[in-house]
Every structure is written in C-alpha cells, then in structure tokens.
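# Geometric and topological summary
Chain by chain, the residues run as shown.
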Amino acid sequence: QVQLVESGGVSVEAGGSLRLSCSVSGTPFSVANMAWYRQTPGKERELVSQISARGTPTYAEAVKDRFTISRDNDADTAWLQMDNLVVEYKAVYFCNCRPGIPARDHGMEYWGKGTPVTVSA
C-alpha cells in the first residue's frame with residue numbers, strides 16, 4: 001500500500017516561510033516523480049512544483065521565485081520550501097507521487113491527504 005504523508009502546514013504571517021514535507025512509503029521513491037499541488041475552495045487543484053526522479057525541478061510561474069522543491073532518495077522524502085509567503089498562497093497543499101520505470105506501479109498516481117497552509121496579512 002502506497003502512502004504519502006504530508007506535514008508542515010501551519011499558519012504564518014505574510015512574508016514568512018514554511019517547509020512542507022512529504023514522506024513516501026510502499027513504492028520505490030528513487031524512481032518516482034514528485035510534485036506539490038495546491039487547492040483553494042471552489043477552484044481546481046493546481047500544480048505548484050515538481051521534481052523528477054533525477055532531481056530536476058520545475059515551478060509554476062507564480063511561485064518560481066519563492067518556492068524550492070527538493071528530495072532525498074535515501075529518506076524517501078520530498079520537501080517544498082516556501083519563502084516570502086503572500087496571502088494568496090493560502091491553500092491546502094497536496095503531495096503527488098508518480099512512480100516511474102522500473103517500479104511495478106509505474107503509470108500510477110498517488111496523493112497525500114493534504115496539509116493546510118494559512119497566510120495572514
């Protein structure tokens with residue numbers, strides 16, 4: 001059974017920083033592409049950042065100067081460092097895992113339950 005467990009979502013003031021964590025079990029992390037999404041009420045879930053199995057990061061335009069995605073394949077964990085937060089970044093942040101070849105479950109997609117981030121003015 002694949003499990004993604006997020007943590008780190010709290011309430012911070014605008015301008016502050018947070019670090020979200022996503023620990024993965026049940027699938028070979030080192031060949032998985034990892035991503036962070038966020039969702040606000042009434043809106044679709046949107047991609048914030050992703051990092052390939054080889055460690056290549058990409059970012060949504062809205063966050064590329066504020067967020068840093070990283071991973072540690074020995075710890076089966078991915079992180080999202082969020083700096084200089086603004087009120088508009090308030091959302092539930094979800095971890096996403098897509099196992100790659102040669103994982104037996106390559107082609108599948110897994111989600112964490114989400115961790116809420118609140119940014120106050």
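Structure: above.
To keep things clear, this report deals only with the structure shown in the data block. (Residues numbered from 1 in each chain as written. Predicted model: local features only at pLDDT ≥ 70, side-chain atom pairs only at ≥ 80, totals over all residues. Heavy atoms only, no water.)

## Side note on the overall build of the protein
If you tally the helices and strands in the protein, you get zero helices and 11 strands. Going residue by residue from the N terminus, the α and β elements of the protein occur as β-β-β-β-β-β-β-β-β-β-β. Across its three principal axes, the protein shows a C-alpha extent of roughly 45 × 25 × 25 Å. Counting the 121 residues in the protein, one finds 40% classified as buried. Partitioning the contacts of the protein with sequence separation of at least 6, the portion at a separation of at least 24 is 56%. Roughly 6600 Å² of accessible area belongs to the protein as shown, and the carbon and sulfur atoms make up 48% of that amount. When the 12 basic and 13 acidic side-chain charges of the protein are each reduced to a single mean position, those positions are 3 Å apart. (Helix = DSSP H or I, 4+ residues; strand = E, 2+ residues; numbered from the N terminus. Buried < 20%, exposed > 50% of the residue type's maximum accessible area, 1.4 Å probe, protein only. Contact = heavy atoms within 4.5 Å. Areas by Shrake-Rupley, 256 points an atom, 1.4 Å probe, with all protein chains shown as cover. Lys, Arg positive; Asp, Glu negative; His and termini not counted. Charge placed at Lys NZ, Arg CZ, Asp CG, Glu CD.)

## Describing the pairing of strand β7 (residues 67-72)
Across the two faces of β7 the burial differs, with Phe 67, Ile 69 and Arg 71 buried and Thr 68, Ser 70 and Asp 72 not buried at all. Relative to strand β8 (residues 77-82), β7 is paired through six bridges, and the arrangement is antiparallel. Of the residues in β8, the one forming a bridge with Arg 71 is Ala 78. Adjacent in sequence and paired antiparallel, β7 and β8 are bridged by four residues, among which Asp 76 carries a positive phi angle near 55°. (Pairing = 2+ DSSP bridges.)

## Thoughts on the pattern of salt bridges
Summed over the entire model, instances satisfying the criterion amount to two salt bridges. The salt bridge involving Arg 38 is made with Glu 46; its shortest N-O contact spans 2.7 Å. What makes Glu 46 partly exposed here is its relative accessible area of 39%. With a shortest N-O distance of 3.1 Å, Glu 61 and Lys 64 are connected by a salt bridge. Here Glu 61 falls in the exposed class, since its relative accessible area comes to 60%. (Salt bridge = Lys/Arg side-chain N within 4 Å of Asp/Glu carboxyl O.)

## Digging into the sheet that holds strand β3 (residues 18-25)
Here we have four strands laid out as an open sheet, ordered β1-β3-β8-β7, and antiparallel in their pairing. Sheet topology places β1 (3-7) and β7 at the edges, where each strand pairs with a single neighbour. Adjacent strand axes in the sheet meet at a mean angle of 15°, parallel and antiparallel pairs treated alike. (Axes fitted to C-alpha atoms, helices over the stretch in contact; angles between N-to-C directions.)

## Notes on the state of the cysteines
Following the criterion strictly, the structure yields one disulfide and no others. Put simply, Cys 22 and Cys 95 are joined by a disulfide, and their sulfur atoms are 2.0 Å apart. On the sign convention where negative means left-handed, the S-S torsion of about -85° between Cys 22 and Cys 95 marks this disulfide as left-handed. Taken together, the positions of Cys 22 in strand β3 and Cys 95 in strand β9 (residues 91-99) put the pair 73 residues apart, joining distant regions of the chain. (Disulfide = S-S within 2.5 Å.)

## Considering the nonpolar core
Counting 28 residues, the largest nonpolar core has Met 34, Phe 67, Leu 80, Met 82 and Tyr 93 as its most contacted members. Secondary structure elements with two or more residues in this core: β3, β4 (32-39), β5 (46-51), β7, β8, β9 and β11 (115-120). Beyond its immediate stretch of four places on either side in the chain, Phe 67 contacts Arg 38, Val 48, Tyr 59, Leu 80, Gln 81, Met 82, Asp 83, Leu 85, Tyr 89 and Tyr 93. (Core = buried A, V, L, I, M, F, W, Y, C linked by side-chain atoms within 4.5 Å.)

By themselves, these observations are geometric and do not establish any function.
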